[in-house]
Amino acid sequence: MDKIVIEGGRPLEGTVKISGAKNAILPVLAATLMTRGRNIIEGVPKVRDVATMIQLLKDLGAEVESYRNEKIVLDTSSANNPEAPYDLVSTMRASCLVLGPLLAKLGRARVSLPGGCAIGARPIDLHIKGLEAMGAKIWLEQGYIHGTADGLKGIQFYFDTVSVTGTANLMMAASLAEGETILENVAKEPEVVFLADILNQAGAKIEGQGTDMIIIQGVSSLKPIECRIFPDRIEAGTYMIAAAITQGEVLIENCIPQHVESIILKLQEAQVDVEVESSSIRVRGRSPLLAVNARTHPYPGFPTDIQAQFMALMTLARGQSIIMETVFENRFMHVAELKRMGANITLDGHTAVISGVQSLSSAPLMATDLRASASLVLAALAAKGQSVISRVYHIDRGYVNMEKKLSCLGARIQRVK
Ligand code: EPZ
């Protein structure tokens, strides 16, 4: 298994270009199952989760006509197999996004129940409750979710918890259901808004995306999807924090500042210098870095996917910061590793109290999940000396060429087998 070796203690300088948003393309790829024809998607980020989803679509009968230079042409004319294999789905929870499309298009689905993961149980009870309300019959058998539907019907549905992929799944299913569907307490993430807009371009009738209520009028069919994926706001936030934690100066290019507004405000509160342009952000780490509190929240709140990276930054801030994780029940897997580097963090349930220290010391580190891995990379970049991070396949799930992009910024980082 690959490891990443980092010689930390050097400020990052230069420009980094943000790649396409992983959490935007995954539901769009699932949505291609509701079309029949050549779907053309540009701005595709080369990350493992995307490769997994593409393989899953191929197993379901889609054909990759071409895939190069971040552009994929996916022919779904023969995507008629409703069965997603366990070995693929178990590695990526987002595979559950094919449930809605398969039931809507084929009237059948057999998808392995996604395993939990490091950050929590991550049930999909709301996905299932909504699909059943639409008329699907869904049961669990030998670790697989089986579903049948003889045509889906529009419903009124309230999400007890805001769910990003739950909103995406029900919105896709409702697009081909009969009649009107009203979804309430929905996710407002840019990735959900983008999916709704792309479905509308393919002939769906969706409105209200970006608000608490989405209304969908079902249609009989959708045209093939053509779109370009927008830049990844979590990747952008990660590199903004990389600049801050190394006291460097980085220009983040090809990003959408509005998508990272809550991160910009938090960094400015901590006295980090952030200059916003129309599609780029310049971040200068300054001293002293001030300790600030943060509480994760669905969009447009402070993103849970940036919590671990921000905590790494706060370990070096002056004073005490309190970080609350309100979205997932166990998203503090990075804390133990940061403490091994000398960070001063105490946990109390969903709350972490961080008292800043002068410096972190390098150490051998273990990645546990995608964003915790990013947090350890950031801490290692700030710590003097050599850190070795193992299980870096977690990073490859959601970051395009992270070590290449960081070494272009002057980091001493390399991947070793
Ligand atoms: C999406 O996951 C993202 N993944 C996650 O990003 C992100 O952390 C999360 O949204 C929150 O923003 C993709 O978009 C592929 P949820 P998702 O359903 O949809 C509970 C990353 O690092 N819940 O919004 O799976 C759930 O347990 C990944 O890129 C239920 O209880 O998250 C959690 O506590 C990690 N029942 C909360 O809701 C359900 O049926 C939010 O989960 C669904 C969710």
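Quick caveat: nothing in here was measured; it's all calculated off a predicted structure. (Residues numbered from 1 in each chain as written. Predicted model: local features only at pLDDT ≥ 70, side-chain atom pairs only at ≥ 80, totals over all residues. Heavy atoms only, no water.)

**A look at the sheet that holds strand S2 (residues 13-17)**
The mixed open sheet is built from 4 strands, whose spatial order is S2-S15-S17-S16. Edge positions in the open sheet fall to S2 and strand S16 (273-276), since each of these has one partner strand only. In this sheet, neighbouring strand axes are inclined to one another by 15 degrees on average, regardless of whether the strands run parallel or antiparallel. Direction of pairing for S16 relative to strand S17 (residues 280-284): antiparallel, over a ladder of 4 bridges. Note that in S17 the partner of Val274 across the bridge is Val283. (Pairing = 2+ DSSP bridges. Helix = DSSP H or I, 4+ residues; strand = E, 2+ residues; numbered from the N terminus. Axes fitted to C-alpha atoms, helices over the stretch in contact; angles between N-to-C directions.)

**Observations regarding helix H11 (residues 333-340)**
For H11, the full list of buried residues reads His334, Val335, Glu337 and Leu338. Structurally, H11 contributes buried residues whose contacts are with helix H10 (307-314), strand S20 (344-348), strand S22 (364-366) and helix H12 (370-382). In the segment just after H11, Gly342 is the residue with positive phi, at about 100 degrees. (Buried < 20%, exposed > 50% of the residue type's maximum accessible area, 1.4 Å probe, protein only. Contact = heavy atoms within 4.5 Å.)

**Structural notes on helix H1 (residues 22-31)**
Counting buried residues in H1 gives 9 out of 10 residues, a clear majority hidden from the surface. Residues of H1 that are buried: Lys22, Ala24, Ile25, Leu26, Pro27, Val28, Leu29, Ala30 and Ala31.

**As for the pairing of strand S15 (residues 249-253)**
Looking at chain direction, S2 and S15 are connected through 5 bridges and run parallel. Bridge pairing links Val16 to Ile252 in S15. Relative to S17, S15 runs antiparallel, the two sharing 5 bridges. Within S17, the position partnered with Glu253 by the bridge is Ser280.

**Quick word on the sheet that holds strand S7 (residues 108-112)**
Taken together, the 4 strands give an open sheet; going across it, the order is S6-S7-S9-S8, and neighbouring strands pair in mixed fashion. Looking at which strands have only one partner, the edges of the open sheet turn out to be strand S6 (83-84) and strand S8 (137-141). Taken together, the 5 bridges between S8 and strand S9 (residues 144-148) define a ladder with antiparallel strand orientation. Bridge pairing in S9 links Trp139 to His146.

**Some remarks on the site of the ligand**
For the ligand, the set of nearby residues contains 22 residues, the closest of which are Arg93, Asp125, Thr165, Asp305 and Val327. Within the side chain of Arg93, one N or O atom sits 2.6 Å away from an oxygen atom of the ligand. Leu126 places a polar main-chain atom, nitrogen or oxygen, 2.7 Å from an oxygen atom of the ligand. Considering the ligand on its own, with 820 Å² of exposed area, one finds that the protein chains cover 89% of that surface. Put simply, the parts of the chain that give the shell around the ligand at least two residues each are H1, helix H5 (125-133), helix H6 (164-175) and H12. Here the shell around the ligand gets 3 residues from one element, more than from any other, and that element is H5. (Near = heavy atom within 4 Å. Polar contact = N/O pair within 3.5 Å; in protein donor to acceptor, adjacent residues only side chain to side chain. Areas by Shrake-Rupley, 256 points an atom, 1.4 Å probe, with all protein chains shown as cover.)

The values reported here are purely geometric and, on their own, carry no functional implication.
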